[in-house]
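Structural overview for review
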Amino acid sequence: MATRNADARPAPTAEPLSSLDALARALRCLPGVGPRAAQRMALHLLQHDRPGARELAHALLRASEAVRHCDRCNTFTEDSVCALCRSGKRDPAQLCVVETPADLVTVEQTHAYDGLYFVLMGRLSPLDGIGPKEIRLDRLIRRATDGVVREVILATNFTSEGEATAHYIAELLAARGLAVSRLARGVPVGGELEYVDAGTLAQALRDRRWVAAPPGGAGNG
(Lines give C-alpha, C1' and ligand atoms only; values in the text may rest on other atoms or scores of the structure.)
Protein backbone atom coordinates (compact mmCIF):
# COMPACT_ATOMS: atom_id res chain seq x y z
CA MET A 1 0.00 0.00 0.00
CA ALA A 2 2.83 2.38 0.90
CA THR A 3 4.42 1.70 -2.45
CA ARG A 4 1.14 2.40 -4.26
CA ASN A 5 0.74 5.73 -2.45
CA ALA A 6 4.31 6.71 -3.25
CA ASP A 7 3.76 5.96 -6.93
CA ALA A 8 0.61 8.05 -6.90
CA ARG A 9 2.42 11.20 -5.81
CA PRO A 10 2.33 13.88 -8.50
CA ALA A 11 5.63 14.62 -10.18
CA PRO A 12 7.22 17.87 -8.98
CA THR A 13 6.42 20.78 -11.25
CA ALA A 14 9.48 22.31 -12.90
CA GLU A 15 9.94 25.91 -11.89
CA PRO A 16 10.05 28.41 -14.77
CA LEU A 17 13.46 29.74 -15.67
CA SER A 18 14.43 33.05 -14.15
CA SER A 19 15.29 35.86 -16.56
CA LEU A 20 18.98 35.36 -15.80
CA ASP A 21 18.83 31.63 -16.47
CA ALA A 22 16.86 32.22 -19.67
CA LEU A 23 19.49 34.68 -20.86
CA ALA A 24 22.33 32.25 -20.12
CA ARG A 25 20.49 29.45 -21.92
CA ALA A 26 19.90 31.70 -24.95
CA LEU A 27 23.60 32.62 -25.12
CA ARG A 28 24.47 28.92 -25.39
CA CYS A 29 23.27 28.98 -29.02
CA LEU A 30 26.53 30.76 -29.92
CA PRO A 31 29.28 28.50 -31.33
CA GLY A 32 31.80 27.36 -28.74
CA VAL A 33 29.79 28.73 -25.79
CA GLY A 34 29.02 26.18 -23.09
CA PRO A 35 26.93 26.54 -19.92
CA ARG A 36 29.64 28.17 -17.80
CA ALA A 37 30.76 30.61 -20.49
CA ALA A 38 27.14 31.55 -21.18
CA GLN A 39 26.55 32.20 -17.49
CA ARG A 40 29.67 34.41 -17.29
CA MET A 41 28.49 36.40 -20.32
CA ALA A 42 25.01 36.88 -18.85
CA LEU A 43 26.40 38.00 -15.49
CA HIS A 44 28.85 40.38 -17.15
CA LEU A 45 26.14 42.04 -19.24
CA LEU A 46 23.83 42.51 -16.27
CA GLN A 47 26.53 43.59 -13.83
CA HIS A 48 28.76 45.76 -16.00
CA ASP A 49 26.99 46.73 -19.22
CA ARG A 50 23.21 46.89 -19.12
CA PRO A 51 23.10 49.51 -21.91
CA GLY A 52 25.21 47.14 -24.03
CA ALA A 53 22.81 44.31 -23.22
CA ARG A 54 19.85 46.39 -24.43
CA GLU A 55 21.74 47.41 -27.58
CA LEU A 56 22.63 43.76 -28.25
CA ALA A 57 19.02 42.68 -27.82
CA HIS A 58 17.80 45.41 -30.16
CA ALA A 59 20.43 44.61 -32.81
CA LEU A 60 19.64 40.87 -32.70
CA LEU A 61 15.92 41.52 -33.06
CA ARG A 62 16.41 43.94 -35.94
CA ALA A 63 18.81 41.64 -37.79
CA SER A 64 16.58 38.59 -37.36
CA GLU A 65 13.69 40.52 -38.90
CA ALA A 66 15.55 42.41 -41.65
CA VAL A 67 18.25 40.07 -42.96
CA ARG A 68 17.28 37.72 -45.79
CA HIS A 69 18.95 35.73 -48.57
CA CYS A 70 20.06 37.44 -51.78
CA ASP A 71 17.91 36.30 -54.70
CA ARG A 72 21.01 35.82 -56.88
CA CYS A 73 23.89 34.60 -54.72
CA ASN A 74 22.08 33.42 -51.57
CA THR A 75 24.27 35.34 -49.12
CA PHE A 76 22.85 37.52 -46.36
CA THR A 77 21.48 40.94 -47.27
CA GLU A 78 18.69 43.32 -46.34
CA ASP A 79 17.76 43.84 -50.00
CA SER A 80 16.39 41.45 -52.59
CA VAL A 81 19.79 41.56 -54.37
CA CYS A 82 23.01 42.19 -52.42
CA ALA A 83 25.51 44.97 -53.15
CA LEU A 84 28.06 42.58 -54.71
CA CYS A 85 25.55 41.20 -57.19
CA ARG A 86 24.41 44.73 -58.08
CA SER A 87 27.93 46.03 -58.63
CA GLY A 88 28.92 46.83 -62.20
CA LYS A 89 32.60 46.39 -61.30
CA ARG A 90 32.40 42.61 -60.87
CA ASP A 91 33.12 40.06 -63.61
CA PRO A 92 29.83 38.21 -64.21
CA ALA A 93 31.58 35.47 -66.18
CA GLN A 94 33.18 34.05 -63.00
CA LEU A 95 31.15 32.47 -60.22
CA CYS A 96 32.85 31.43 -56.97
CA VAL A 97 30.96 28.84 -54.92
CA VAL A 98 31.53 28.97 -51.14
CA GLU A 99 29.92 27.26 -48.18
CA THR A 100 29.06 30.22 -45.96
CA PRO A 101 28.83 34.01 -45.93
CA ALA A 102 31.95 33.99 -43.73
CA ASP A 103 33.83 32.21 -46.53
CA LEU A 104 32.65 34.87 -48.98
CA VAL A 105 34.06 37.59 -46.72
CA THR A 106 37.36 35.71 -46.45
CA VAL A 107 37.72 35.49 -50.24
CA GLU A 108 36.82 39.17 -50.60
CA GLN A 109 39.54 40.13 -48.12
CA THR A 110 42.19 38.67 -50.43
CA HIS A 111 41.43 41.37 -53.07
CA ALA A 112 42.43 38.71 -55.62
CA TYR A 113 38.98 37.92 -57.03
CA ASP A 114 36.56 40.26 -58.79
CA GLY A 115 33.86 37.85 -59.95
CA LEU A 116 30.52 36.99 -58.37
CA TYR A 117 29.53 34.38 -55.78
CA PHE A 118 27.05 31.72 -54.83
CA VAL A 119 26.74 30.76 -51.14
CA LEU A 120 25.56 27.22 -50.45
CA MET A 121 24.84 27.82 -46.74
CA GLY A 122 26.35 24.44 -45.97
CA ARG A 123 27.83 21.35 -47.60
CA LEU A 124 26.63 17.86 -48.45
CA SER A 125 26.49 15.63 -45.38
CA PRO A 126 24.16 12.64 -45.84
CA LEU A 127 24.71 11.44 -42.26
CA ASP A 128 23.31 14.76 -41.02
CA GLY A 129 20.44 14.72 -43.50
CA ILE A 130 21.94 17.48 -45.65
CA GLY A 131 21.48 16.72 -49.33
CA PRO A 132 21.37 18.71 -52.58
CA LYS A 133 18.03 20.29 -51.68
CA GLU A 134 19.27 21.63 -48.35
CA ILE A 135 22.22 23.46 -49.92
CA ARG A 136 20.07 24.81 -52.77
CA LEU A 137 21.91 23.14 -55.63
CA ASP A 138 18.91 23.70 -57.88
CA ARG A 139 19.40 27.46 -57.49
CA LEU A 140 23.13 27.12 -58.13
CA ILE A 141 22.49 25.22 -61.37
CA ARG A 142 20.09 27.90 -62.59
CA ARG A 143 22.52 30.63 -61.63
CA ALA A 144 25.52 28.96 -63.29
CA THR A 145 23.65 28.19 -66.52
CA ASP A 146 22.28 31.69 -67.08
CA GLY A 147 24.34 32.07 -70.26
CA VAL A 148 26.70 34.64 -68.72
CA VAL A 149 28.83 32.49 -66.39
CA ARG A 150 31.85 30.96 -68.13
CA GLU A 151 33.80 29.56 -65.17
CA VAL A 152 32.66 28.21 -61.82
CA ILE A 153 35.32 28.26 -59.09
CA LEU A 154 34.67 25.70 -56.36
CA ALA A 155 35.89 27.17 -53.07
CA THR A 156 34.31 24.76 -50.61
CA ASN A 157 36.41 23.76 -47.63
CA PHE A 158 39.01 21.01 -47.87
CA THR A 159 37.17 18.74 -45.44
CA SER A 160 35.76 15.37 -46.49
CA GLU A 161 32.29 16.94 -46.79
CA GLY A 162 33.63 19.97 -48.65
CA GLU A 163 35.55 17.79 -51.09
CA ALA A 164 32.51 15.58 -51.70
CA THR A 165 30.39 18.68 -52.29
CA ALA A 166 32.91 20.11 -54.77
CA HIS A 167 33.10 16.80 -56.64
CA TYR A 168 29.31 16.50 -56.85
CA ILE A 169 28.89 20.07 -58.10
CA ALA A 170 31.75 19.70 -60.59
CA GLU A 171 30.06 16.69 -62.20
CA LEU A 172 26.70 18.48 -62.42
CA LEU A 173 28.19 21.59 -64.02
CA ALA A 174 30.65 19.83 -66.32
CA ALA A 175 27.74 17.83 -67.74
CA ARG A 176 26.20 21.17 -68.73
CA GLY A 177 29.31 22.31 -70.58
CA LEU A 178 30.65 24.74 -67.97
CA ALA A 179 34.32 25.17 -67.12
CA VAL A 180 34.85 24.23 -63.47
CA SER A 181 37.97 24.92 -61.39
CA ARG A 182 38.94 24.14 -57.79
CA LEU A 183 41.03 26.19 -55.39
CA ALA A 184 44.65 25.04 -55.37
CA ARG A 185 46.16 23.54 -52.25
CA GLY A 186 49.75 23.56 -51.15
CA VAL A 187 52.51 25.17 -49.14
CA PRO A 188 51.30 28.32 -47.33
CA VAL A 189 52.87 31.68 -48.11
CA GLY A 190 55.97 32.06 -45.95
CA GLY A 191 55.97 28.35 -45.09
CA GLU A 192 59.19 26.35 -44.71
CA LEU A 193 59.18 22.85 -46.19
CA GLU A 194 60.73 21.38 -43.04
CA TYR A 195 57.55 22.21 -41.11
CA VAL A 196 54.95 21.40 -43.78
CA ASP A 197 53.06 18.14 -43.27
CA ALA A 198 53.50 15.39 -45.85
CA GLY A 199 49.91 15.53 -47.11
CA THR A 200 50.07 19.26 -47.82
CA LEU A 201 53.44 18.94 -49.54
CA ALA A 202 52.19 16.04 -51.68
CA GLN A 203 49.22 18.14 -52.80
CA ALA A 204 51.52 21.07 -53.57
CA LEU A 205 53.56 18.82 -55.85
CA ARG A 206 50.45 17.64 -57.67
CA ASP A 207 49.17 21.22 -58.06
CA ARG A 208 52.53 22.69 -59.10
CA ARG A 209 52.63 25.19 -61.99
CA TRP A 210 55.23 26.19 -64.53
CA VAL A 211 57.34 29.30 -63.90
CA ALA A 212 59.07 28.76 -67.24
CA ALA A 213 57.06 26.64 -69.69
CA PRO A 214 59.03 24.03 -71.67
CA PRO A 215 59.18 24.16 -75.46
CA GLY A 216 55.88 23.07 -76.97
CA GLY A 217 53.82 24.46 -74.06
CA ALA A 218 53.41 21.16 -72.18
CA GLY A 219 51.14 21.28 -69.19
CA ASN A 220 51.85 20.40 -65.56
CA GLY A 221 52.85 16.93 -64.60
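In this report, the structure presented in the accompanying data block is examined. (Residues numbered from 1 in each chain as written. Predicted model: local features only at pLDDT ≥ 70, side-chain atom pairs only at ≥ 80, totals over all residues. Heavy atoms only, no water.)

**Some details on the overall build of the protein**
Scanning the protein for helices and strands turns up nine helices and six strands. Scaling as 2.2 N^0.38, a compact globule of 221 residues should have a C-alpha radius of gyration of about 17 Å, whereas the protein reaches 25 Å, well beyond that. In terms of overall dimensions, the protein has C-alpha extents of about 95 × 45 × 40 Å along its principal axes. Relative to its full complement of 221 residues, the protein shows a buried share of 25%. Looking at the protein alone, contacts between residues at least 24 apart form 47% of all its contacts between residues at least 6 apart. Summing over all exposed atoms, the protein offers an accessible surface of approximately 15100 Å²; the carbon and sulfur share of this is 56%. Once the 27 positive and 26 negative side-chain charges of the protein are each reduced to a mean point, those two points are 4 Å apart. (Helix = DSSP H or I, 4+ residues; strand = E, 2+ residues; numbered from the N terminus. Rg over C-alpha atoms; globule rule 2.2 N^0.38 Å. Buried < 20%, exposed > 50% of the residue type's maximum accessible area, 1.4 Å probe, protein only. Contact = heavy atoms within 4.5 Å. Areas by Shrake-Rupley, 256 points an atom, 1.4 Å probe, with all protein chains shown as cover. Lys, Arg positive; Asp, Glu negative; His and termini not counted. Charge placed at Lys NZ, Arg CZ, Asp CG, Glu CD.)

**Looking at empty space enclosed by the protein**
For the structure on display, the rule yields one cavity of 30 Å³ or more. Space inside the largest cavity adds up to approximately 30 Å³. Around the largest cavity, the lining residues are C73, C82, L84, C85, L104, L116 and Y117. Grouping the constituent residues of the lining of the largest cavity by class yields seven nonpolar, no polar and no charged. (1 Å grid on protein atoms, 1.4 Å probe; cavity = no way out; pocket = protein on both sides within 12 Å on 5 of 7 lines; lining within 4 Å. Points joined across faces, edges and corners; volume = space filled by probe spheres on them. Nonpolar A, V, L, I, M, F, W, Y, C, P; charged D, E, K, R; others polar.)

**A closer look at the layout of surface pockets**
Looking at the largest pocket, its volume works out to about 350 Å³. When the residues that make up the lining of the largest pocket are grouped by side-chain class, the tally is nine nonpolar, six polar and two charged. By volume, the second largest pocket amounts to about 190 Å³. For the lining of the second largest pocket, the secondary-structure elements that each account for two or more residues are α2 (19-27), α3 (35-48) and α4 (50-66). A per-element tally of the lining of the second largest pocket places α4 first, with four residues.

**Section: the packing of aromatic side chains**
The tally for this structure, following the rule as stated, stands at one aromatic pair. Seen from their ring centres, Y113 and Y117 are 5.2 Å apart, and the 70° between their planes marks the pair as edge-to-face. On the accessibility criterion, Y113 (13% relative accessible area) is buried. Y117 sits in the buried class, given a relative accessible area of 2%. (Phe/Tyr/Trp six-rings, centres within 6.5 Å; stacked < 30°, edge-to-face > 60°.)

**Let's talk about the environment of P101**
Secondary-structure assignment places P101 in helix α6 (residues 101-108). For P101, a relative accessible area of 18% puts it in the buried group. Residues P101 and L61 lie 40 residues apart in sequence; the distance between their C-alpha atoms is 20 Å. Not counting chain neighbours up to four residues away, the residues in contact with P101 comprise T75, F76, V119 and M121.

**Notes on the state of the cysteines**
Counted according to the given criterion, the structure contains zero disulfides. For C85, which is in no disulfide, the shortest distance to another cysteine sulfur is to C82 and amounts to 3.6 Å. On the accessibility criterion, C85 (9% relative accessible area) is buried. (Disulfide = S-S within 2.5 Å.)

**Brief notes about the packing of α2 against α3**
Taken N-terminus to C-terminus, the directions of α2 and α3 make an angle of 125°; their axes are 8 Å apart at the nearest point. Taken together, the axis directions place α2 and α3 in an arrangement best described as oblique. Like other packed secondary-structure pairs, α2 and α3 cross with a definite hand, here right-handed. In contact with L20, L23, A24 and L27 of α2, α3 contributes A38, Q39, M41, A42, L43 and L46. Of the residues in the contact of α2 with α3, the class split is nine nonpolar, one polar and no charged. (Axes fitted to C-alpha atoms, helices over the stretch in contact; angles between N-to-C directions. Parallel < 35°, antiparallel > 145°, perpendicular 65-115°, else oblique. Left-handed = near helix turned anticlockwise from the far one by under 90°.)

**Quick word on the side chain of N74**
Tracing the sequence through the fold places N74 in the loop between β1 (68-69) and β2 (76-77). Since its relative accessible area comes to 0%, N74 is described here as buried. Within polar-contact distance, the side chain of N74 engages the side chain of R139 at 2.9 Å. If we ignore the near neighbours within four places in the chain, the residues touching N74 are H69, F118, V119, L120, M121, R136 and R139. (Polar contact = N/O pair within 3.5 Å; in protein donor to acceptor, adjacent residues only side chain to side chain.)

Distances and angles like these do not, on their own, reveal function.
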